[in-house]
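A closer look at the structure
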Amino acid sequence: MDIIQIKDISKSYGPDFALTDISLNIQRGKVFSLLGPNGAGKTTLVKLMLNLMHTDSGSIEINGLNVNDKNSRMGVAFIPEKFSFFPFYTARGVLEFFGKMKGIEGVELTAQVNSALEELQISDLANRKLSKMSKGQMQRVGLASILIGNNDLIVLDEPFSGLDPIGIRDLKEIIKKLKEQGKTMFINSHILLEMEQICDEIAILNKGKLLFAGSVASVLEKEKSLDDFFYRTVNEGRAQ
Ligand SMILES: Nc1ncnc2c1ncn2[C@@H]1O[C@H](COP(=O)(O)OP(=O)(O)OP(=O)(O)O)[C@@H](O)[C@H]1O
């Protein structure tokens, strides 16, 4: 079954449509990326999926449940583009908070937190407060939180922004490992080269309209790169 089912959704902010008649299904266990230029509607779609806003029309289901049902978000982890949390929390404190919210405690919580800190190479920052961290370090704390608990669906908004080249490589490895564990990833991004390397499926959005949905493999059969395909698709969409 598809883990995300988006049916004919539209969303406007006042008179302006941010999304128009979008239908999209995401298969379980795939790495999916929603690509689009600035203002395309990517964040709006994520907010609708997480029920942070409501659609004007159409419906979204996660795990077969309408997103109005809070149970649809069980096992869903979300990291916004700029991760932030109470500045007086340490990295360990943040991860313990996320774990406790998921009902994980004691030795199991300590083991998961230590493993997440190691995976993101921030064990040395475990006891540092967020207020004393760089942007990239804070982003790594946010990304470590997706490893806490048994998340089925991981939604990442521009996860590569703010990461240095080592961070980008580490994150790609983490995404690969999570895919091997059968997790589904929904990634909003502008960084086409990274997406070409790690994604199974993409959709291209521009000005609130869905211009393409399909596999990266099918794109690369016909095009030199995802980059070329993206620019051509967006430009043809603009011309219409
Ligand atoms: N709160 C808001 N009020 C009014 N218009 C908004 C609001 N949020 C977004 N928009 C508009 O909706 C459209 C889609 O915005 P959205 O943030 O979803 O795009 P995006 O693809 O995530 O862009 P970016 O890549 O720049 O983050 C844009 O035209 C934007 O100006």
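Residues numbered from 1 in each chain as written. Predicted model: local features only at pLDDT ≥ 70, side-chain atom pairs only at ≥ 80, totals over all residues. Heavy atoms only, no water.

The name an unreviewed UniProt entry gives the chain is ABC transporter ATP-binding protein, with Bacteriovorax antarcticus as the organism.

This brings us to the sheet that holds strand β1 (residues 2-13). Read from one edge of the open sheet, 4 strands run β2-β1-β4-β5, paired in antiparallel fashion. On the outer flanks of this sheet lie β2 (16-27) and β5 (65-66), each paired with one strand and no other. Relative to β5, strand β4 (residues 57-62) runs antiparallel, the two being bridged by 2 bridges. Across the sheet, the residue bridging to Glu 61 is Asn 66, located in β5. The strands that helix α1 (residues 42-49) touches are β1, β2 and β4; relative to β1, the one it contacts most, it runs at about 120 degrees. (Pairing = 2+ DSSP bridges. Helix = DSSP H or I, 4+ residues; strand = E, 2+ residues; numbered from the N terminus. Contact = heavy atoms within 4.5 Å. Axes fitted to C-alpha atoms, helices over the stretch in contact; angles between N-to-C directions.)

This structure, assessed with the given rule, holds 13 aromatic pairs. Pairing Phe 83 with Phe 98 gives two aromatic rings, centres 6.4 Å apart and planes at 45 degrees, and the pair type is tilted. Remark: Phe 98 occurs in helix α2 (residues 91-101) and Phe 83 occurs in the loop between β6 (76-79) and α2; sequence separation between them is 15 residues. Judged by relative accessible area, which is 22%, Phe 98 ranks as partly exposed. Here Phe 97 and Phe 98 contribute two aromatic rings whose centre-to-centre distance is 6.3 Å and whose plane-to-plane angle is 75 degrees, an arrangement assigned as edge-to-face. With a relative accessible area of 32%, Phe 97 lands in the partly exposed category. Through successive ring pairs, a cluster of aromatic residues spans Phe 83, Phe 85, Phe 86, Phe 88, Tyr 89, Phe 97 and Phe 98. (Phe/Tyr/Trp six-rings, centres within 6.5 Å; stacked < 30°, edge-to-face > 60°. Buried < 20%, exposed > 50% of the residue type's maximum accessible area, 1.4 Å probe, protein only.)

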